[in-house]
Amino acid sequence: MPRFQDISIKRKLTAIIMIASSVALLLVSAGFVTYELVTFRKTMVTDLTTLAKITGDRSTAALSFDNKKDAEEILHGLSFQQHITAAALYDKNGNLYARYRAPRAADSFSDHPAADGARFEPDRLVLFQKIYAAGDFTGTICLKSDLLEQHERFVRYAVMISIFMVVSLLVTLFLSSRLQRVISRPIFHLADTARSVSAGKDYSVRATKDGNDEMGQLVDRFNEMIGQIQQRDAALQRAHDELEVRVQKRTEDLQEEIIGHRRTESALKQQFARLSLLNQITHAISDRQDTDSILHVVLRQLEDHMGLDFGAVALFDDKAKNLNISALRVKNFVKADKLELREGGVLGLMESGFELCEKGQTVYFHDTFRVSAAFMEKMAGAGWRSVVAVPLMVEEKLFGVLIAARLQADGFSSGDSEFLRMLSEHVALAAHQARLHKELETAYNDLRHSQATVLQQERLKALGQMASGIAHDVNNALSPVVGFSDIIMNGDFGLDIRGKKYLKYIRTAGEDIAHIVARLREFYRTREDAESLQRVSLNALAEQVVDMTRPRWRDMPQSNGITIEVQTDFAADAPPLVGIESEIREAFTNLVLNAVDAMPNGGRIKLRTRVQHDRNNTKHPKQVVVEISDTGMGMNAETKKRCLEPFFSTKGKRGTGLGLAMVYGVMERHEGGIDIESEPGKGTTFFLKFPVRKKAADGDAEDEGEDIEVKPLNILCIDDEPLVRELIKEMLERDGHQVAVSDSGQSGLDEFRLARERNRPFDVVITDLGMPYLDGRQVAKAVKQESPGTPVVMLTGWGAFMKEDGDAPTQVDSIISKPPRSKELREVLSRFSKC
């Protein structure tokens, strides 16, 4: 059977109406039947209850007087009720008393009555009801009725409903077949119109509208759609006609394009071959770092794959405006000889005819016979008829020129020129990078050398900063050595010449130690022009060092059976230099002592001076060289490289690693240099090169005997070091001053105040800087607050550093460095005695 969706609209409408009507009738009938059955059941219960009440009232006497026969007769009287199938009486004790069963009935009774009420069972109605006589309970009656009347009534209703349904469906079918035409006729008309339009492709046909309902609106929309289709069909027909014309024209164009594509394909193949060559050349030069190698590889590739008869690369000299031939490759060297062109040759930019290359333009000569440039005339004479010159540009500047030539005229196509132009960019970049790589490698080596120098300076700077921390303690310890040595030398203590000589060595060594501590911090800076320099004789200093170190190189080794010989060879024409004597003496001393340590089994030490003159001026000496050599164990390359570093030592616990670092600092401050020659087992030679400068020295160091007149003063000396206090007191009292000493800042202030109270104030106060509880700055501040006119002199081991750094307290009138010198004390006190 066809599906419901496939049948006609007419049948669909009829079926819908029939189904809807049938469902409505069934629902109405079901409701009616249900209502009737419920009502009938209630009526049955009411009737049976009434019958039970009547029967029970009649049975009260039989139950009361226990007349069972009358009770059974009363129950048999129910046989006239056709629907009563059984009845029973129970006495007031609940025992079955009498019963009745209709013929052919199979009902049974329980021995005891159930609860009052009626209940429907599948095929009967059962009722239990209590019986009362004069208000007293006498028993219970039970009635059972069949449901035949209910079944008969249900069958009658079913027949009636079936008849009604059949009649109703017939009427509904008749009405629906007439009324559905109102809807189906416009639809059939619209469908016929659509079939007509589809079959005949006649879009002028229109459907007829019967009304303005939804079907009328559908007809309107259908007619509008047909109209739009009619317009589109006309437009499509016109477009079809136009398309035929365009297709014909396009076919002609495609034929022309095919011819062009074939030409392009041929050009692309050629371009691909050139790109492959470009990639091959680029790959060949990518790993090369040498400019000449790169250029030769490029020319060889061009000769092999492009068939060049001549190729050259010339690098541009911007200053001379010349082209320097760096790479050259020709097939016929006889022609090259005629050209007189070789690698390393020079070609003028103007005479070559390539001046436009400087502006980044490619130069192409189709026929060299028609070019008047000198170089092109030579090329034509050698047989090369066509020449291309491509600029090698780097950062928009001409780096070089790639020159290519062929024997035939007009031998280069536009594609060849463009390929050479593309190649020139890669070649220029690769050659420029190779040059940069070489320059970078040179700069890296220079930087590594500079870093080593900076590292050396930083180590010396750290050494100087450490020295500033220990300067106070070292200078305090040296003050008695230098001061008392000076007092003994200048006093009448009955010393012979030899004793005074040794005492002078002691004083000189102490002063050198103090000066070393003061300058350790300054190894990392160059000497300033304003610093005080002295006239120094290197020969005399070397002789003095030999004498001062004699115990180390002669006496001590001889006690152990070891002999060390010292030789000297001094240049008589060595000019005096300007510098600091103590620094240079310390440098010589360190080198001599290192030489002694390098010869544990004995050997020879030689001190030599020689003068080097300027080549252009033989009369004026350029520098004085001091050579200190030994025949000891020597140094290997690593030790020689690091020997000037601070704290580097090969002596183990016996060495501090500061000796050669001090020598390096001395030479740096004197603007000199150090050279070292050493090999393991062959000894070591140090070359100290001192420049000869014309700057005048401030004066000789040995001027301490000069007398300075100072009137006697009342002086207060404050210092927490007992030996320093004793030294200052002795030095001042020898000059006629009256001296009071204090061992702390607070006791010094108490002494100063007590003297003012007694009207015997001190003329000068000399105080140390580093003291516990109350330091020198606080003492100076307190003195100036109480007596602004009293001069305050600060005597401290940090004196040299404070002078350099400008760190002097504002309340201090003068600073004297430890260890104190008699001359310096006299100079300072002479200024205050004039006030």
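Definitions and cut-offs
Residues numbered from 1 in each chain as written. Predicted model: local features only at pLDDT ≥ 70, side-chain atom pairs only at ≥ 80, totals over all residues. Heavy atoms only, no water. Pairing = 2+ DSSP bridges. Helix = DSSP H or I, 4+ residues; strand = E, 2+ residues; numbered from the N terminus. Axes fitted to C-alpha atoms, helices over the stretch in contact; angles between N-to-C directions. Contact = heavy atoms within 4.5 Å. pLDDT = per-residue confidence, 0-100. Patch = residues over 30% accessible without salt bridge, like charges linked within 9 Å, V, L, I, M, F, W, Y side chains within 5 Å. Areas by Shrake-Rupley, 256 points an atom, 1.4 Å probe, with all protein chains shown as cover. Salt bridge = Lys/Arg side-chain N within 4 Å of Asp/Glu carboxyl O. Lys, Arg positive; Asp, Glu negative; His and termini not counted. Charge placed at Lys NZ, Arg CZ, Asp CG, Glu CD. Phe/Tyr/Trp six-rings, centres within 6.5 Å; stacked < 30°, edge-to-face > 60°. Buried < 20%, exposed > 50% of the residue type's maximum accessible area, 1.4 Å probe, protein only. Core = buried A, V, L, I, M, F, W, Y, C linked by side-chain atoms within 4.5 Å. Polar contact = N/O pair within 3.5 Å; in protein donor to acceptor, adjacent residues only side chain to side chain. Arc of directions from axis to C-beta.

1. What to know about the sheet that holds strand 10 (residues 386–394)
Now for step 1: Spatially, six strands are ordered 8-7-6-11-10-9 in an open sheet, and the strand pairing comes out antiparallel. Since the sheet does not close on itself, it has two edges, and those belong to strand 8 (346–348) and strand 9 (363–365), each with one partner. Strand-to-strand, the axes of this sheet are offset by a mean angle of 25 degrees, without reference to chain direction.
Now for step 2: Across three bridges, strand 7 (residues 322–330) lies against strand 8 in antiparallel orientation. By the bridge assignment, N324 is partnered in strand 8 with V346.
Now for step 3: Its contacts with the sheet put helix 7 (residues 291–306) on strand 6 (310–317), strand 7 and strand 11 (397–406), and the angle it makes with strand 7 is roughly 50 degrees.

2. As for the confidence of the model for the protein
Now for step 1: Scored by pLDDT, the protein has a mean of 80; 82% of the residues are at 70 or more.
Now for step 2: By mean pLDDT, the top-scoring element of the protein is strand 18 (residues 684–691) (93), and the lowest-scoring one is helix 21 (residues 799–805) (54).
Now for step 3: pLDDT under 50 marks residues 523–530. Its contacts with residues more than four places away, or in other chains, come to 20 contacts.
Now for step 4: Ignoring residues within four places in sequence, the model shows residues 696–706, a span with pLDDT below 50, making 22 contacts including any to other chains.

3. Some words on a positive patch on the surface
Now for step 1: Residues K10, R11, R178, R181 and R185 make up a contiguous surface patch of positive charge.
Now for step 2: Positionally, R185 belongs in helix 5 (residues 181–200).

4. Section: the packing of aromatic side chains
Now for step 1: Under the counting rule described, the total for this entry stands at seven aromatic pairs.
Now for step 2: Centroid distance F354 to F375: 6.1 Å. Interplanar angle 75 degrees. Geometry classified as edge-to-face. Taken together, the residues span a long stretch of sequence, with F354 in the loop between helix 9 (349–352) and strand 9 and F375 in helix 10 (residues 374–382) at a distance of 21 residues. You'll find F354 and F375 in the same group, each marked buried.

5. A word on the pattern of salt bridges
Now for step 1: Counted according to the given criterion, the structure contains 25 salt bridges.
Now for step 2: Across the pair E627 and R610 runs a salt bridge, and its minimum N-O distance is 2.4 Å. One end of the pair, E627, is in strand 16 (residues 621–630); the other, R610, is in strand 15 (residues 603–613), with 17 residues separating them in the sequence.
Now for step 3: The exposure class assigned to E627 is buried, which follows from its relative accessible area of 11%.
Now for step 4: Through salt bridges that share partners, D569, R608, R610 and E627 make up one connected network.

6. Section: the side chain of T193
Now for step 1: By secondary structure assignment, the location of T193 is in helix 5.
Now for step 2: With a relative accessible area of 7%, T193 lands in the buried category.
Now for step 3: Ignoring sequence-local partners within four residues, the contact set of T193 consists of V205, R206, A207 and F222.

7. A word on the nonpolar core
Now for step 1: Core analysis: the biggest nonpolar cluster contains 35 residues, and L538, F588, L688 and F690 have the highest contact counts within it.
Now for step 2: When residues of this core are traced back to their parent elements, those giving at least two are helix 13 (538–548), helix 15 (581–597), strand 15, strand 16, helix 17 (659–669) and strand 18.
Now for step 3: Among the elements that make up this core, the one with the highest residue count is helix 15 (seven residues).
Now for step 4: With residues up to four places along the chain from it excluded, the contact list for F588 reads L538, L541, A542, V545, V626, I628, L688 and F690.

8. A closer look at the side chain of R585
Now for step 1: Along the chain, R585 falls in helix 15.
Now for step 2: Overall, R585 belongs to the buried group, its relative accessible area being 5%.
Now for step 3: In this structure the side chain of R585 is engaged in a polar contact, spanning 3.0 Å, whose partner is the side chain of Q544.

9. Some thoughts on the environment of I325
Now for step 1: By secondary structure assignment, the location of I325 is in strand 7.
Now for step 2: For I325, a relative accessible area of 3% corresponds to the buried category.
Now for step 3: Separated by 76 residues in the primary sequence, I325 and V401 place their C-alpha atoms 9.3 Å from one another.
Now for step 4: Non-local contacts of I325, meaning those with residues more than four positions away in its chain, are made with V313, A314, L341, R342, E343, G344 and G345.

10. Overview of helix 3 (residues 68–76)
Now for step 1: Along helix 3, the residues that are buried comprise A71, I74 and L75. Down the axis of helix 3, the smallest arc covering the buried residues is 95 degrees, so these residues share one side.
Now for step 2: Each element contacted by the buried residues of helix 3 is listed here: helix 1 (9–58), helix 2 (60–64), strand 1 (84–91) and strand 2 (96–101).

11. Observations concerning the sheet that holds strand 16
Now for step 1: Reading across the sheet, the five strands line up as 13-15-16-18-17 and stay open at both edges, with mixed pairing between neighbours. The two strands at the open ends of the sheet, each matched to only one other strand, are strand 13 (564–569) and strand 17 (673–678). The sheet shows a mean angle of 15 degrees between the axes of neighbouring strands, taken without regard to direction.
Now for step 2: Judged from the nine bridges that link them, strand 15 and strand 16 form a sheet pairing that is antiparallel. Bridging across to strand 16, R610 finds its partner in V625.
Now for step 3: Strand contacts of helix 17: strand 17 and strand 18, with the helix running at about 25 degrees to strand 18, the strand carrying the most contacts.

12. A closer look at the pairing of strand 10
Now for step 1: Burial analysis of strand 10 places eight of its nine residues in the buried class, which makes it a mostly covered element.
Now for step 2: Bridge count between strand 9 and strand 10: three bridges; the pairing is antiparallel. Its bridge partner being in strand 10, F365 is matched across the sheet by V387.
Now for step 3: Two strands pair when backbone bridges link them, and strand 10 and strand 11 are joined in this way by nine bridges, in the antiparallel orientation. From the neighbouring strand, V388 faces strand 11, where its bridge partner is A404.
Now for step 4: Hairpin connection from strand 10 to strand 11: two residues lie between these consecutive antiparallel strands, with E395 at a positive phi of about 55 degrees.

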